[in-house]
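Geometric and topological summary
Residue strings, one per chain:
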Amino acid sequence: MTINDHKMTTIRISKEFTFDMAHALLGYDGLCKNIHGHSYTLVVTIKGTPIPDPSSPKNGMLIDFKDLKNFIKDNIINKLDHALVLNEDTPKELLDLLMSNYDKIVVTPYQPTTENMIADIADQIIKLLPSRLKLHSLRLRETPSSYAEWFAEDQ
């Protein structure tokens, strides 16, 4: 078997990202109802067929890791890094006060749990990813021992 025999093989590649983010869980019955932060790790795995074009500078690549990094950073990480993420049902007076005093407040239509955030991140990536590529999975690690996973096959 030669390399040329693998031209149409489906490949998965992954890229890992880190960001720091604060949130509060509105109405929660524990400590996480308070504003607190985490150092998150997001692992993005995409799949597809490597580009089989010898004249392309991306020949043999599913996507250039640099391009994947820039895509995820521009569309996901930069919005969340060093942000405070709050549920839109947070009292308006509090949201207004926070927004008038801080630059990076992100208001979501959902409770900003790791589970809801990973589903939202998946939706955003799927909408923006080039059609020849598919999102295979995500892993969002909130703490060293706690994470959520999303798999396309489960959808």
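The structure presented is a predicted model; accordingly, all values stated were derived computationally and were not measured.

Calculation notes
- Residues numbered from 1 in each chain as written.
- Predicted model: local features only at pLDDT ≥ 70, side-chain atom pairs only at ≥ 80, totals over all residues.
- Heavy atoms only, no water.
- Pairing = 2+ DSSP bridges.
- Helix = DSSP H or I, 4+ residues; strand = E, 2+ residues; numbered from the N terminus.
- Axes fitted to C-alpha atoms, helices over the stretch in contact; angles between N-to-C directions.
- Contact = heavy atoms within 4.5 Å.

Spatial strand order, β4-β3-β1-β2-β5-β6: six strands in an open sheet with mixed pairing. Edge positions in the open sheet fall to β4 (105-108) and β6 (146-151), since each of these has one partner strand only. Each strand of the sheet is rotated relative to its neighbour by a mean of 30°, with strand direction disregarded. As judged from the seven bridges shared by strand β2 (residues 36-48) and strand β5 (residues 134-143), these two strands associate in the antiparallel manner. Its bridge partner lying in β5, T41 is registered against R141. Sheet strands in contact with helix α2 (residues 92-101) are β3 (83-87) and β4, and its direction is about 150° off that of β4. On the sheet, helix α3 (residues 114-128) packs against β1 (11-23), β2, β5 and β6 and is oriented at approximately 150° with respect to β5.

Limitation: the analysis is restricted to geometry and does not speak to function.
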